[in-house]
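Chain by chain, the residues:
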Amino acid sequence: MDSTSYRLNWPKFGSRRIPDDIMIYILDFLESTALAAMALANRHLKEVITPTLYRTITIPGGGNNYISHQTSAAQFIRTLMHRPSLAVLVRHLENAPPVIPSYLLGSACLGCTIFSPLIPAFAEQGGSSGSQPHGLPMDVMKLCVNLRSLTVAGLVPFHLTRETNNWLNFLLDPSIKLKRLKLLAHAQHDTIKTRWNRFVAQILDVQLSLEYLEYPFDNKYPEIEKERIDKWVPELRVLCGDDVRGFKALLSGKRSIETVVVRGIPMKDIRRFLGAQLTDVDTIEELVYQGPEVDSLNFADLFETVPSLKVFSGEVWLSVVDPLEDLFLQVSIFPIAL
């Protein structure tokens, strides 16, 4: 196709060709499937669309269908192995599985085609089955130097070992500097939880640029030295999780945590959490409670326990012993966002 054909096929407004910067702005509003379809229109449009298409990658699958989930992730890795230049475009990776079995990674290394209609961008732009892959899966992921957020979700399998962790081992490279990390993967056995926590500890040893962390890290599985934990996430601003036991190690330190999000625990536990863990933290300005029940909370006690608090968000019943006027006199702004 010659350059004249490119111009004829380029989107227009009236008789004028739409500039690239306007096209990039418009592309931000489109779903990935629409972007993938547009990328097939002509070569120049593909060049404009590709950075937007690969900026945020969401691996399809999850839940009980973990094989499909892992296969989709292996397909993504295969795409980067055949076109490593795409790795620098990836800024957000969502719904990544905690483990990809070695046989699927082996398929990626061998250049086997793993197609999925749910991610046509990978199938169409991942290179032909005859092209030669570059490097190993972990080495290719190290090329994602602009990756800023990662969400890991799914079941951590019973056979978890360092070998099966290898696709996430790129997080142990200092050249990867994440800002947001959400570890939503869950283990069904204490032994697996210990192995997974040990690997997460290695990640936190390296990822010192994190500002947002969601993970119920329980220091009992395994026991981690306090001196080691004190060096983790010095720039942390937002801490989220559904197990308040995991907050203790990270709240006790010199981190300037401003927002705490607590999920999935009864109100009785959040009361204990407030008294036991937030009393000595003077930087928290916002507390978000996303519990399983609607219960009462004494706001006078809440703001007395956490004097730096400015905003509380959650579905709770108001329970104030003293008159509301006395409570509002204790804070400079209206603190309740329900």
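Rules used in this analysis
- Residues numbered from 1 in each chain as written.
- Predicted model: local features only at pLDDT ≥ 70, side-chain atom pairs only at ≥ 80, totals over all residues.
- Heavy atoms only, no water.
- pLDDT = per-residue confidence, 0-100.
- Helix = DSSP H or I, 4+ residues; strand = E, 2+ residues; numbered from the N terminus.
- Contact = heavy atoms within 4.5 Å.
- Buried < 20%, exposed > 50% of the residue type's maximum accessible area, 1.4 Å probe, protein only.
- Axes fitted to C-alpha atoms, helices over the stretch in contact; angles between N-to-C directions.
- Parallel < 35°, antiparallel > 145°, perpendicular 65-115°, else oblique.
- Left-handed = near helix turned anticlockwise from the far one by under 90°.
- Nonpolar A, V, L, I, M, F, W, Y, C, P; charged D, E, K, R; others polar.
- Polar contact = N/O pair within 3.5 Å; in protein donor to acceptor, adjacent residues only side chain to side chain.
- Patch = residues over 30% accessible without salt bridge, like charges linked within 9 Å, V, L, I, M, F, W, Y side chains within 5 Å.
- Areas by Shrake-Rupley, 256 points an atom, 1.4 Å probe, with all protein chains shown as cover.
- Salt bridge = Lys/Arg side-chain N within 4 Å of Asp/Glu carboxyl O.
- Phe/Tyr/Trp six-rings, centres within 6.5 Å; stacked < 30°, edge-to-face > 60°.

1. Remarks on the confidence of the model for the protein
Move 1: Counting all residues, the mean pLDDT for the protein is 76, and 70% of those residues have values of 70 or more.
Move 2: Looking across the protein, the model is least confident in helix α7 (residues 120-125), with a mean pLDDT of 44, and most confident in strand β5 (residues 149-152), with 97.
Move 3: Counted against residues more than four places away or in other chains, residues 1-6, with its pLDDT under 50, gives five contacts.
Move 4: In this model residues 330-338 is a low-confidence stretch, pLDDT under 50, and it forms 21 contacts with partners more than four residues away in sequence or in other chains.

2. A few points about the environment of Val-260
Move 1: Mapped onto the elements, Val-260 comes out in strand β9 (residues 259-263).
Move 2: Of the residues examined, Val-260 reaches a relative accessible area of 0% and is grouped as buried.
Move 3: Separated by 22 residues in the primary sequence, Val-260 and Val-238 have C-alpha atoms spaced 5.9 Å apart.
Move 4: Dropping the residues within four chain positions of it, Val-260 is found in contact with Leu-239, Phe-247, Leu-251, Phe-273, Ile-284, Glu-286, Leu-287 and Val-288.

3. Some points on the packing of helix α2 (residues 20-27) against helix α4 (residues 43-55)
Move 1: Two numbers describe how α2 lies on α4: the axes approach to 10 Å, and their chain directions differ by 45°. The angle between α2 and α4 falls in the class oblique. Regarding α2 and α4, the two cross each other, and that crossing is right-handed. The residues of α4 that touch α2, namely those facing Asp-20, Met-23, Ile-24 and Leu-27, are His-44, Leu-45, Val-48, Ile-49 and Thr-52.
Move 2: A class-by-class count of the residues in the contact of α2 with α4 yields six nonpolar, two polar and one charged.

4. Some points on the side chain of Glu-214
Move 1: Its location among the elements puts Glu-214 in strand β7 (residues 212-214).
Move 2: Residue class for Glu-214 comes out buried when judged on its relative accessible area of 9%.
Move 3: Non-local contacts of Glu-214, meaning those with residues more than four positions away in its chain, are made with Leu-181, Lys-182, Leu-183, Leu-184, Cys-240, Gly-241 and Arg-263.

5. Concerning unusual backbone geometry
Move 1: Its identity as a non-glycine residue notwithstanding, Asn-95 has a phi of 60°, on the positive side.
Move 2: With respect to the helices and strands, the residue Asn-95 is situated in strand β4 (residues 92-96).

6. Quick look at the side chain of Asp-173
Move 1: Along the chain, the position of Asp-173 falls in the loop between β5 and β6 (180-183).
Move 2: Taking the relative accessible area as the measure of exposure, Asp-173 reaches 19% and is therefore buried.
Move 3: Among the polar contacts listed, one links the side chain of Asp-173 to the side chain of Ser-175, at a separation of 2.7 Å.

7. Considerations on a nonpolar patch on the surface
Move 1: Together, Ile-22, Tyr-25, Ile-26 and Phe-29 make up a nonpolar patch on the protein surface, roughly 440 Å² of accessible area in all.
Move 2: Among the secondary structure elements, Tyr-25 is positioned in helix α2.

8. A few points about the pattern of salt bridges
Move 1: Taken as a whole and assessed by the stated rule, the structure comprises five salt bridges.
Move 2: The partner of Asp-173 in a salt bridge is Lys-142, and the shortest N-O contact between them spans 3.8 Å. Of the two residues, Asp-173 is situated in the loop between β5 and β6 and Lys-142 in the loop between α8 (137-141) and β5; the sequence distance between them amounts to 31 residues.
Move 3: Across the pair Asp-205 and Arg-228 runs a salt bridge, and its minimum N-O distance is 2.5 Å. Taken as a pair, Asp-205 in helix α9 (residues 190-206) and Arg-228 in helix α10 (residues 226-229) lie far apart in primary sequence, 23 residues in all.

9. Quick word on the packing of aromatic side chains
Move 1: Counted by the stated rule, this structure contains three aromatic pairs.
Move 2: Between Tyr-25 and Phe-29, the aromatic rings sit 5.4 Å apart at their centres with planes inclined by 70°, giving edge-to-face as the arrangement. Phe-29 carries the same exposure label as Tyr-25, and that label is exposed.
Move 3: Geometrically, the ring pair formed by Trp-167 and Phe-170 is tilted, given 6.4 Å between the ring centres and 45° between the ring planes.
Move 4: Owing to a relative accessible area of 1%, Trp-167 belongs among the buried residues under this scheme.

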